[in-house]
Structures are given as structure tokens and as C-alpha cells.
Amino acid sequence: MKLFTAKQLHEADQLTIKNQSLTSTELMERAGTLVFNQIHQRIQGAQMEIKIFCGIGNNGGDGLVIARHLLEHGYNVKAFVVNYSDKRSKDFLINYDRYKELTNKWPELLKSEDDFPELTHNDFIVDAIFGIGLNRPLVPWVANLVKHINASRAFTLAIDVPSGLFVDEATKSLDEVIKANFTIAFQSAKLPFFLADTGAFVGDLDVIDIGLDRQFLMETPSQMQLINKAEAQQLYKPRHKFSHKGTFGHALIIGGSYGKIGATVLATKACLKSGVGMVSAFIPRCGYQVLQTSVPEAMVFTDASDYELTDIDCPTDMTVIGFGIGAGTSDNTIQEFERLLEKTERPMVIDADGINMLSKKNDLLQHIPKKSILTPHPKELKRLIGEWNDDFEMLSKAKSFSKKHDVILVCKNAHTISVYHDDIYINNTGNQGMATAGSGDTLTGMLSGLIAQDYDPVVAAVFGVYLHGAAGDIAVNRTGFQSLTASDLIDTLGMAYIDLFQQEAPQQQDA
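Residues numbered from 1 in each chain as written. Predicted model: local features only at pLDDT ≥ 70, side-chain atom pairs only at ≥ 80, totals over all residues. Heavy atoms only, no water.

Within the protein, the regular secondary structure consists of 17 helices and 17 strands. Referenced to the eigenvectors of the C-alpha coordinate spread, the extents of the protein come out at roughly 85 × 50 × 45 Å. Carbon and sulfur atoms make up 49% of the accessible area of the protein, which amounts to about 23000 Å² in all. (Helix = DSSP H or I, 4+ residues; strand = E, 2+ residues; numbered from the N terminus. Areas by Shrake-Rupley, 256 points an atom, 1.4 Å probe, with all protein chains shown as cover.)

In spatial order, the strands read E8-E17-E16-E15-E14-E13-E12-E9-E10-E11; together these 10 strands make up an open sheet with mixed pairing. One side of each edge strand has no neighbouring strand; the edge strands of this open sheet are strand E8 (224-227) and strand E11 (299-302). As defined by bridge partners, strand E13 (residues 348-350) adjoins strand E14 (residues 373-374) across 2 bridges and the pair is classed as parallel. Directly across from Ile350, in E14, lies its bridge partner Leu374. Across the sheet, helix H14 (residues 439-452) touches strand E9 (250-254), strand E12 (320-323), E13, E14 and strand E15 (408-411), and the angle it forms with E9 is around 150 degrees. (Pairing = 2+ DSSP bridges. Contact = heavy atoms within 4.5 Å. Axes fitted to C-alpha atoms, helices over the stretch in contact; angles between N-to-C directions.)

Position of Glu338 relative to the elements: it lies in helix H10 (residues 331-343). For Glu338, a relative accessible area of 17% translates into the label buried. Of note is the side chain of Glu338, whose polar atom sits 2.8 Å from the side chain of Lys361. Those residues in contact with Glu338, other than ones at most four positions away along the chain, are Lys361 and Leu364. (Buried < 20%, exposed > 50% of the residue type's maximum accessible area, 1.4 Å probe, protein only. Polar contact = N/O pair within 3.5 Å; in protein donor to acceptor, adjacent residues only side chain to side chain.)

Within this structure, the stated rule accounts for 19 salt bridges. Among the salt bridges present, the one from Glu169 reaches Lys172, with a minimum N-O distance of 3.0 Å. You can call Lys172 exposed: its relative accessible area is 53%. Here Arg339 and Glu336 are joined by a salt bridge, their closest N and O atoms 2.7 Å apart. (Salt bridge = Lys/Arg side-chain N within 4 Å of Asp/Glu carboxyl O.)

This paragraph deals with the environment of Ile283. Inspection of the secondary structure assignment puts Ile283 in strand E10 (residues 278-283). A residue is classified by how much of its surface remains accessible, and Ile283, at 0% relative accessible area, is buried. Between the C-alpha atoms of Ile283 and Leu64, which are 219 residues apart in sequence, the distance is 65 Å. The contacts of Ile283, once residues within four sequence positions are left out, are Gly255, Thr264, Tyr288, Leu291, Val300, Phe301, Thr302, Asp303 and Leu309.

Before going further, it helps to spend a moment on the packing of helix H2 (residues 24-43) against helix H4 (residues 90-102). One way to put it is that H2 packs onto H4 with a least axis distance of 10 Å and a crossing angle of 65 degrees. Classified by chirality, the crossing of H4 by H2 is right-handed. The segment H2 lies against H4, with Ser24, Thr25, Met28 and Glu29 engaging Lys90, Asp91, Ile94, Asn95 and Arg98. By residue class, the composition of the contact of H2 with H4 is 2 nonpolar, 3 polar and 4 charged. (Left-handed = near helix turned anticlockwise from the far one by under 90°. Nonpolar A, V, L, I, M, F, W, Y, C, P; charged D, E, K, R; others polar.)

The next thing to look at is the packing of aromatic side chains. This model, assessed by the stated rule, comprises 13 aromatic pairs. Aromatic side chains Phe116 and Trp141 sit 6.4 Å apart centroid to centroid with 40 degrees between the ring planes, which places their arrangement in the tilted category. With Phe116 in the loop between strand E3 (108-110) and strand E4 (124-128) and Trp141 in helix H5 (residues 140-152), the pair connects residues that are 25 residues apart, well separated along the chain. Seen in terms of ring centroids, Phe463 and Tyr497 are 6.4 Å apart; in terms of plane orientation they differ by 70 degrees. Their pairing is edge-to-face. You can see Phe463 sitting in helix H15 (residues 457-479) and its partner Tyr497 sitting in helix H17 (residues 493-500), a full 34 residues away along the chain. (Phe/Tyr/Trp six-rings, centres within 6.5 Å; stacked < 30°, edge-to-face > 60°.)

Okay, the nonpolar core next. Judged by nonpolar contacts, the single largest core of 94 residues is most densely connected at Phe323, Leu358 and Leu409. With 6 residues, the single largest contributor to this core is H2. Contacts of Leu358, omitting those with residues within four sequence positions, involve Phe337, Leu341, Ile350, Leu364, Leu365, Ile368, Leu374 and Leu384. Residues Ile253, Ala461, Phe463 and Ile474 belong to the second largest nonpolar core, which totals 50 residues. (Core = buried A, V, L, I, M, F, W, Y, C linked by side-chain atoms within 4.5 Å.)

This part takes up the sheet that holds E4. The parallel open sheet is built from 7 strands, whose spatial order is E3-E2-E1-E4-E5-E6-E7. Edge positions in the open sheet fall to E3 and strand E7 (204-208), since each of these has one partner strand only. Strand-to-strand twist across the sheet, computed as the mean angle between neighbouring axes with direction ignored, equals 20 degrees. Inspection of the sheet shows strand E5 (residues 155-159) paired to strand E6 (residues 182-186) by 3 bridges, in the parallel sense. Counted as the bridge partner of Leu157 is Phe182 from E6. The sheet contacts of H5 involve strand E1 (50-54), strand E2 (77-82), E3, E4 and E5, and relative to E2 the element is tilted by about 150 degrees.

Attention now moves to H5. Helical geometry: 3.6 residues make up each α-helical turn, so side chains three or four residues apart lie on a common side. For H5, which comprises 13 residues, the first-to-last C-alpha distance of 19 Å matches the rise-based estimate of 18 Å (1.5 Å per residue) to within 8%. Among the residues of H5, Trp141, Val142, Ala143, Leu145, Val146, Ile149 and Ser152 are the ones counted as buried. In this structure, the buried residues of H5 make contact with E1, E2, E3, E4 and E5. Backbone geometry just after H5 places Arg153 at a positive phi near 60 degrees. (Expected span 1.5 Å × (residues − 1).)

To continue, consider the pairing of E5. Burial of E5 is extensive: 4 of the 5 residues sit out of reach of the surface. As defined by bridge partners, E4 adjoins E5 across 4 bridges and the pair is classed as parallel. Of the residues in E5, the one forming a bridge with Phe124 is Phe155. In this fold, E4 hands off to H5, which returns the chain to E5; that crossover is right-handed. (Right-handed = clockwise from strand over helix to strand, strands pointing away.)

Our focus in this paragraph is the confidence of the model for the protein. Scored by pLDDT, the protein comes out at a mean of 95, with 98% of its residues at no less than 70. Note that residues 507-511 has pLDDT below 50 and, in this model, 0 contacts with residues that lie over four places away or in other chains. (pLDDT = per-residue confidence, 0-100.)

This paragraph deals with the side chain of Thr156. Position of Thr156 among the secondary structure elements: in strand E5. Not counting residues within four places of it along the chain, the set of residues in contact with Thr156 comprises Ile125, Asp127, Ile149, Ile178, Lys179, Ala180, Asn181 and Phe182.

A few words on helix H3 (residues 58-72). Across its 15 residues, H3 extends 21 Å between first and last C-alpha, which sits within 8% of the 21 Å expected from 1.5 Å per residue. Most of H3 sits inside the fold, with 12 of its 15 residues counted as buried. For H3, every residue scored as buried is listed here: Asn59, Gly60, Gly61, Asp62, Gly63, Leu64, Val65, Ile66, Ala67, Arg68, His69 and Leu70. Phi turns positive one or two residues past the end of H3, at Gly74, with a value near 85 degrees.

Have a look at this one:
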């Protein structure tokens, strides 16, 4: 799914109006009616008080369409107009008049804090104050209205975007953003819905198709992609009947140190489960029996040292190397890493202490093979690209780093984002149970296995992150969030592959 900028979505609106011979008011009616249908389907005529806060632009016009349909269906509705300016959009005014024609209870005008209505946690609030065009801080009394709504703890439904949230740049004041329980977005999700700083304001998300011009949506380029099952299906490489283990590559996992051999065990197991033909592991001698026993399918090579990596010497026929898990950052190991980088030409997957080594010794960055994958968690990413003030700056720095070194950054978070040059791929699988030790080690193994199977490294990053999250979503249904372990992710990886092409069961309709 492409994610579009506010400017692109405005262009899509205009082209839709032209090509479908609509007025902008008719397009607004279509969008507002679809939202009403969603509300009506969910609350089924329940008579709680619905309070709709409408701005004076097009988002407010959407709110008035919703309010009118709710009134027509007998709901207990109270509409408020947030009068923050003397300027009103044409479509807002048209729908304001239509609302007034329907009821004697005209929308209540809010002009200052003195006008704020009483709100309780039993209310149902619809937020239609600001849409995707907002790009400046709220005037003080409107900011306080947002805080007043949030303080009520009422169930809040945001229309298109929670009011106060900027779409194409960092939001200046996060305490002036509606904290929605549910957001219904028009046509496309928006980038801030998936970023760590702002994602919590969205609540549950539903994206509804309001019928914008199909050709525009298909042909307009976007450097932001949301990866769901449909996108992941397109990345899968089917297997042929007469394949053999050599067809699917030979991956080498290098890592481990005394007390951290488990990280290499997890990465090696995950690499096998990803579908690689063969996998070898290079570890300190202390881990030989552990790894050979835990992963009998793997070949194991050991360092001369019992406790750390000091002399990496391994077969040269490897398709890919996964490096860094549990390796530590001793001077001897950093020296071996540098030697490995200098003689390796094929893309690598570098994680954990491998990333920490790059941070400690920046001149190693010039030796990273092109299109290698780096998989930092937030603290490791800061060591790599520097501090940032907000998520938009983080993405900008990640893009610059990727272009400078020609690498793929897999920025791990609730929605892991893979960055290659100016393109970002936002993953939409996974859950909070995956915030557990070893989860990143399994991802390193999976990505190494996919590259070994001749997936392009960018595709391997995007597809691997999707499968990793999908395995977590399957596993958590068995374990719960608290008890999910990295081993559970490996155990359910096969089910994630199966789920990739399973059809969703059709929902039964009530007679």
C-alpha cells in the first residue's frame, strides 16, 4: 500500500472530481456517508450521546455530513463548530446549511474556553476539527479544547487523522493532538500513524476506500510503502520441484562470545527455518557443543579462542554472512571484523555488536559490502547515525546514511522501517510481545537465509521483516504477550509462510 503526502492526496481529490464529473461537495458526501456507515454498523442505534467537533475546513465538512446522517437515523447527536478563524471552506458552509435544514438544534459555536461543553467518559466523541492540511501549531484556546477532549477519557473517533497531527512533518506540540481510540482514514494511511512519537495518537486504524481516481493512485510514485500480506505475497519466490539444497544457498552466521552463544543458536535456527539450503556457524570454541547439539542441521566452525572471536577462518563458498549477534566488542573481535569486511564482497547482514563495532570505529563503514543490511534497534541506530529530535529527522538521517554507504537500514520498532536510499518500507505485522531478548537475533538469521536464497537484499529486508512479525502474531495467540520468546518466533515461522497464501474466511452475514 502506497502512503501519500497531503499534497498528493489533494491532487487525487481534484483529479477524481474532474474525471468522475463530481463536485467537491459530492465527494465529501461520499466520504462522510462511508464513515457514517461504519459508525452505524458498530453501534447499531445505541443511544449514547454523540458529540461531534467540527472545524471550519473540509474536515469539519466531513463531520457535518456524518452528524446529519446520524440525526436522520435517530441518534442523539450534538454538533459543535470550532470557530478558530473567519475563513470557512465552501463545502463546510454547504453542509452547515444542510445540517440546519434538518434540525432546530443548530451546531453550537465554540469561540473560546468559556464555550467548552461538559464531557464525560460516557460520551462518544467524533473528532473532525483538523485534517491532513494542518501544518502549524494550534491557537491556544483550540489547543486547550484538544486537551479538554483528551482529559474526558471519552471514546474518540478521529476522521482521516487525529486533529493536531501533522502529516508531512514533525508535529510541534504532541500534547496538542487528539488521542483517538479509533481513526478512520480516507483512502490511504498516513506516515505518522506508524512512527514511534505519534502512532499512539491513532488508536485502532481503518482505511476506507472513498473512490479516488484509480489511475492516479496506481501511477503516482510514492517513496513510502506500507507492507501488509498483499505486498508480501508479491515478494515471495516460489520453489521448483527439481530444486536441491544447493539451489537455496549457504549462509554463514558469525557471532557469539562466552555467555552469549544462545544468540548464535537463535540466529542459526532462524536461518534454517527461513529456507536456506545450508547453514554454517562460526563461534568461539566454548560454544561448540551447545550449538552442535541445539542445531544438528548446521555445520559448526570454531575460533582458536575459547571465549571470543579472534581468528575468523571459515569456508569461502558462502552466499551470505550474518555477523555480530552476541559477538562482544573487544579489540580483538573488532580487528577480526575489519579483516572480514576487507575480504568480503557479497552483501552481509550486520546486527547487534556488529553495529556497535561500526559505531566505535567509524572507518569500518567504508568497507561494508554494498547493499548489506544493518538491523539496529533505536539505541544502536542513534550510535550509528547520531541523535535526532523527532521521527522525521530520524528518517532523514537514515536515508542520508543509506545513500552514503549504499546499505539497507532495518530500523527496528513497533512498525519496523526498512530504509534504502530515499525509499522507506513500513512493516505492518508484529506485536509488543516481540519486545523480548533474542527477537533481533532471529531476524538476523532470517534475513541471512533469504539473501542466501537469492532474494535481492532490499526484498530480503522487507519480506523478512514481514515474516518475522507475522510469526510473532501467530505465536502470541498461543503464548500471550508476556510469555512470547524468540524461540516461539522460530517455531511459528513455517506457519507464517503458510499464512502468506491462506485466504481469509468470508464473514457470514446475518439473515
